[in-house]
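# Summary of the model geometry
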Amino acid sequence: MGRALYSILEWITRFAYLNVLWIFFTLTGGIVLGLFPATVAMFSVIRQWLKGKSDQPVFPAFWKLYKQEFWKSNRLGIIIYLISFIFVFNLFFLQANIGELLIWTAAPLLGGMLLFVLILFYLFPAYAHFDLPVFQLFRHAFLTMLVSPLHTLCIILGLGGFYLLATVIPALAVVFGASFYSFITMWVALDAFQRIHKKNA
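Calculation rules
- Residues numbered from 1 in each chain as written.
- Predicted model: local features only at pLDDT ≥ 70, side-chain atom pairs only at ≥ 80, totals over all residues.
- Heavy atoms only, no water.
- Helix = DSSP H or I, 4+ residues; strand = E, 2+ residues; numbered from the N terminus.
- Rg over C-alpha atoms; globule rule 2.2 N^0.38 Å.
- pLDDT = per-residue confidence, 0-100.
- Phe/Tyr/Trp six-rings, centres within 6.5 Å; stacked < 30°, edge-to-face > 60°.
- Buried < 20%, exposed > 50% of the residue type's maximum accessible area, 1.4 Å probe, protein only.
- Lys NZ or Arg CZ within 6 Å of the ring centre and 35° of its normal.
- Axes fitted to C-alpha atoms, helices over the stretch in contact; angles between N-to-C directions.
- Parallel < 35°, antiparallel > 145°, perpendicular 65-115°, else oblique.
- Left-handed = near helix turned anticlockwise from the far one by under 90°.
- Contact = heavy atoms within 4.5 Å.
- Salt bridge = Lys/Arg side-chain N within 4 Å of Asp/Glu carboxyl O.

As a further point, take the overall build of the protein. From N to C terminus, the protein includes nine helices and zero strands. Beginning at the N terminus, the succession of helices and strands in the protein can be written as α-α-α-α-α-α-α-α-α. Computed over the C-alpha atoms, the radius of gyration of the protein is 18 Å, within 12% of the 17 Å expected from 2.2 N^0.38 for a compact globule of 201 residues. Oriented by its inertia axes, the alpha-carbon framework of the protein measures out at about 60 × 45 × 35 Å.

Printed below as a string of structure tokens:
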């Protein structure tokens, strides 16, 4: 019982520490340039944990990945920023110019936004798991999302459950928000990647 409790507390501490590192290095990069290297490093560390390499010190691994993937992850970030800006700009444009007709004219736009969010669920896990150029990462994430509807549903349910828990205990979102998001999506995405690999083998 004591050993199990110690193991639980150890993992809670690891997730909290990883979340702190993500926040710190995101801020260190001025948010805009720090967000994506920090996120990639966090996903990569969690992938190592899920692969059974949980005995490695967290900070050296995170820092190494942050430096190593800084420029490539920011190239990915530029694309994500541009796509997000286009969606938001068009949404505000429709809101300002059409008003009541927004719900009809914005349907394709909202559908595109939903598709983009679903692709993002697999994009960072794909980055951490595969060594692919940036544009191929989008393609791989899209195809994985397309053939893995049950995995996508599991991600939504997992994140939804954590969100409901965080509304009851808001501190959870601050202490574990990013690391739990990474863990849930990485865990489910890894299973999706492995199933696709077995089908294609």
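Per-residue confidence for the protein gives a mean pLDDT of 91; residues scoring 70 or more make up 95%. Model confidence for the protein, summarised as mean pLDDT per element, is weakest for helix α5 (residues 102-105) at 64 and strongest for helix α2 (residues 35-50) at 96.

One pass over the structure, following the stated rule, counts 23 aromatic pairs. With a centroid separation of 6.2 Å and an interplanar angle of 40 degrees, the aromatic rings of Trp11 and Phe15 are classed as tilted. Of the two residues, Trp11 and Phe15 are both situated in helix α1 (residues 2-28); the distance of four residues between them amounts to about one turn of the helix. For the ring pair Phe15 and Phe180, a centre distance of 5.2 Å and an interplane angle of 90 degrees mean the geometry is edge-to-face. You can see Phe15 sitting in helix α1 and its partner Phe180 sitting in helix α9 (residues 171-200), a full 165 residues away along the chain. Its relative accessible area of 28% is what places Phe180 among the partly exposed residues. Among the aromatic residues, those joined into a cluster by ring pairs are Trp11, Phe15, Trp49, Phe162, Phe176, Phe180, Phe183 and Trp187. Above the plane of the ring of Trp11 lies Arg14, whose end atom (NZ or CZ) is 4.7 Å from the centre. Positioned over the ring face of Tyr127 is Lys72, at 4.9 Å from the centre of the ring.

Take the packing of α2 against α9 next. Between α2 and α9, the least distance of the axes is 9 Å, while the angle of their chain directions is 55 degrees. Viewed along their axes, α2 and α9 adopt a mutual orientation that is oblique. Considering how the two elements wind past one another, α2 and α9 form a crossing that is right-handed. Residues Met42, Phe43, Ile46, Arg47 and Leu50 of α2 form the contact with α9, whose own contacting residues are Ala178, Ser179, Tyr181, Ser182, Phe183, Thr185, Met186, Trp187 and Leu190.

With that settled, consider the pattern of salt bridges. Per the stated rule, a full pass over the model turns up two salt bridges. As a salt-bridge pair, Glu10 and Arg14 come within 3.3 Å of each other at their nearest N and O atoms. In this pair, Glu10 and Arg14 both sit in helix α1, four residues apart, roughly one turn of the helix. By relative accessible area, Glu10 is classed as partly exposed at 30%. For Arg14, a relative accessible area of 17% corresponds to the buried category. Between Asp191 and Arg195 there is a salt bridge; the shortest N-O distance is 2.7 Å. A residue pair is termed a helical-turn pair when its members lie 3 or 4 positions apart in one helix, as Asp191 and Arg195 do in helix α9 at four residues.

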